[in-house]
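So you can see what is in the structure, the chains are spelled out below.
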Amino acid sequence: MKRILINALFLLSLTAAFAQTAPPADRIAIEQGFQNLNVLGSVLYVAAHPDDENTRLLAYMAQEKHYRTGYLAMTRGDGGQNLIGNEQSELLGLIRTQELLAARRVDGAEQFFTRANDFGFSKGPEETLKIWDKEKVLGDVVWVIRKFRPDVIICRFATDGSGGHGHHTSSAILAQEAFTLAADPTKYPEQLKYVQVWQAKRLLLNSFNGNPVNPLKVDVGVYNPLIGKGYGEVAADSRSNHKTQGFGTAKQRGESFELFSTILGDAPKTDLMDGVNTTWARVSGGTAIAAKLAAIKKDFDGANPSASVPALVQLLSDVEKVPDTYWREQKAKQLKNLIAACAGLWFESYATQPTYAIGDPIEIRSQVIDRFNDQIKINSIDDHHNIQRFDGGKTIPANTLQTYTTATIADKYTQPYWLESPHPIGTYTINDPLKVGNPENPDLPSVTYEFTIAGKPITFERRLYYKYVDPVRGEVYQPLEIGPPVAADIANKDYIFNTQQPQTVQVKMQAFTNAAGSIVIKPVAGWKITPEKIEFADKKRGDEWVATFQVTPTNMQPKTSDLVAITTVNGKDYSMGVQRIRYDHVPAITLFPPSQAKAINVNLKIAGKKIGYIEGAGDFMPEALAQVGYDVHQLTENEILNGDLSVYDAIITGVRAYNVNKRLPVEQPKLMAYVNNGGNLLVQYNNNNGIVVPQIGPYPFRPVNQRVTDEFAPVTFLDPENPVLNYPNKITQADFDGWIQERGLYFVSNIDPQYKAILQMNDPGEQPNNGSLIVGNYGKGRFIYTSLAFFRELPAGVPGAYRLFVNLLSKPK
């Protein structure tokens, strides 16, 4: 797994951001806690993707105005590009989810999602809303509004298409419709068993381009002396968590005005919350609570915060009597955390192992410390299977760490809830509607504590983690992994057959518990699989081994079939693998994908053997090419500058190499010399911004932000006799069947006449575009630039994409 290199100090700061389960309890957190308690207002920001959100505005609303602030992203960013690794689609969405949560820990907002899948760039809302299944995603937006109950909703994008992306425009359309529907009891009535209808005061557009008429202007660049930063600085720290997108941002200081225009509802004149009572007076009994809170704050002694605990506990009893359920729950939760912080009460729970099989017992160690005095008692620790009770309450000695041991059962897989079931291209399948909106599984293992503080029983929740010490990172908290008894991962995603020779299929096995059993690859018509079954025994938790099968096509008819591995343990079948994603800027990510791969019988001829590969932003192309028999070698700078490149039948640059590889300006002359001397250089797509060389090829052309997003778009052959369409495979229209997500991206324009444009295609309603594939002879060699999305198609096992890509690697002698 490719990792980000982070200097030690920055790494420690990142680790601190997520390596804890107890809320912050420092003086700043206590002061912010008092201020948050005194504000009863909420704002929901709505956009399409991770990194669409206005982090400066979110930080300002959460930490300056002290509103409950949320960001609803339609998608998890699954369809974007990845600048730090080779994860794509759902895997990238998992990383970007955690990057958003890391950003929210900085700016203070909360994070929500719909079930919509980022299926890639879309040029209009008609396509987006059709693929997303509009009614389901609209229902999710209504659900989040009804549950979050925002006083004000803010859109990042307009409905007029000025946002430039169909997903952007669709987020605004959905927000505008949901603004009204959330208040209508006849719409999505099934939700009303759990939430109430809700009408926000207004829907605003946070303009970032154009000139809105009579906008409300708000300076969000103010300085907060408590945290020692302005919100431009906080925003940069927040936004820089979007590392997969290369969104590291410089800190901005000084005034910065945001513009807001009204879409629906009352137009604000002086403040976002005009007409909304954000004081305690908005709820019954709130005036008395506000007076008591003011008195407590006035008497608060930062050198002795525990002195305020009895009054805060009494205030909690008053808050728990507030008839408004929403604000009662929100403020009681905030007040409990403030009480614990002032009392110096810290407590967390850890599992003793990082991984468990479903049904296994989990030993839990819970640690508690009361740092200021011995006036707090612990009454119970509840792991939701067993309760450890302390009759009459057990006094916690002052500043002495206490450890308690309990046990629970691993009764739910920790599979991300939106990946539990297969799903169509546009939406995830969510089996439990109550989970909609959550960034992570809401039912992950947790522990409930009950303490008696100042004579009142108070409960708290802590999520269960595995904790360990890394010699570089220090104390690290890792989410628990609860999986099958034995995980089975087929080594490759695709197996490409172009002869009737057998291929070895290895299945990597890992035991999550002590286990014995067997594994098979499910029989499938058209293929011979041997052996039929492989037994295993005496496997211990953590053991890893490999089961090896031979798979042979019984005929050479082109076909694609699923290879499904099934393990049997204690008479029960499982078909789950395990995949771990590890980067230092986010918590550990684990999922359990289906144990399956594709066997693809392709009419494929290969010319040449040895391929040099120059790494780009990250892709699986080397692995895909190895599947069809190429010897792929990752080239180092020393090999490029000093080696004999003529030994390579072709050299390929990875996706966006000319954006991310800062050494390519040094290496470029050698690559051009390789072509001039008879080599075959294939350059995959690059973003039009940030190209590191003045000219990528031997003759000019320019990547531009043009693409064909319709994967079914017809393709016209402009130069049907060109070798890349004929050698060694005869390319036909059928080779463009079955492509996924898109045809290509960042096509080229201003093409020098020395190149030949090979293909032409376009999205519906647009002009034909010939910038997806250009070929030019240079000296004795050949230079090829392609914007076709081979980095998606080959790992997905698209037969025609393999045939065409092999042709690009095969220069006739």
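Bear in mind the structure is a predicted one, so any value in this text is a computation, not a measurement.

**Student:** When you look at the packing of aromatic side chains in this model, what are you seeing that I'm missing?
**Tutor:** Between two aromatic rings, the relevant description is the distance of the centres plus the angle of the planes. Under the criterion given, the structure shown has 31 aromatic pairs. For the ring pair F347 and Y449, a centre distance of 4.8 Å and an interplane angle of 55 degrees mean the geometry is tilted. Taken together, the residues span a long stretch of sequence, with F347 in strand β10 (residues 345–351) and Y449 in strand β16 (residues 446–453) at a distance of 102 residues. Here F736 and W739 contribute two aromatic rings whose centre-to-centre distance is 5.4 Å and whose plane-to-plane angle is 25 degrees, an arrangement assigned as stacked. Linked through ring pairs, Y699, F701, Y755, Y778, F783 and Y785 together constitute an aromatic cluster. Sitting above the plane of the F34 ring, K297 keeps its charged end 5.9 Å from the centroid. Here the guanidinium or amino end of K539 rests over the ring plane of W545, the centre of that ring lying 4.5 Å away.

**Student:** Honestly, helix α15 (residues 664–676) in this entry has me stumped. Any pointers?
**Tutor:** Since the α-helix packs 3.6 residues into each turn, any two residues three or four apart lie on the same face. For α15, built from 13 residues, the straight-helix expectation of 18 Å at 1.5 Å per residue is met to within 8% by its first-to-last C-alpha distance of 17 Å. For α15, the full list of buried residues reads L664, E667, Q668, L671, M672, Y674 and V675. Across the axial projection of α15, the buried residues extend over an arc of 150 degrees, all falling on one side. Downstream of α15 by a residue or two, G678 has a phi angle that is positive, lying close to 115 degrees.

**Student:** I keep staring at the environment of L57 and nothing clicks. Help me out?
**Tutor:** With respect to the helices and strands, the residue L57 is situated in helix α3 (residues 55–64). By relative accessible area, which is 0% here, L57 ends up buried. Contacts of L57, omitting those with residues within four sequence positions, involve Y45, I154, N206, V220 and F260.

**Student:** Mind showing me how you'd approach the sheet that holds strand β25 (residues 527–530) here?
**Tutor:** Strand order across the open sheet formed by four strands is β21-β23-β27-β25, with antiparallel pairing between neighbours. Lying at the two open borders of the sheet, with one neighbouring strand each, are β21 (486–490) and β25. Strand-to-strand twist of the sheet, defined as the mean angle between neighbouring strand axes without regard to direction, takes the value 30 degrees. Relative to strand β27 (residues 544–553), β25 runs antiparallel, the two being bridged by four bridges. Along β27, the bridge assignment pairs W527 with P553.

Cut-offs applied
Residues numbered from 1 in each chain as written. Predicted model: local features only at pLDDT ≥ 70, side-chain atom pairs only at ≥ 80, totals over all residues. Heavy atoms only, no water. Phe/Tyr/Trp six-rings, centres within 6.5 Å; stacked < 30°, edge-to-face > 60°. Helix = DSSP H or I, 4+ residues; strand = E, 2+ residues; numbered from the N terminus. Lys NZ or Arg CZ within 6 Å of the ring centre and 35° of its normal. Expected span 1.5 Å × (residues − 1). Buried < 20%, exposed > 50% of the residue type's maximum accessible area, 1.4 Å probe, protein only. Arc of directions from axis to C-beta. Contact = heavy atoms within 4.5 Å. Pairing = 2+ DSSP bridges. Axes fitted to C-alpha atoms, helices over the stretch in contact; angles between N-to-C directions.

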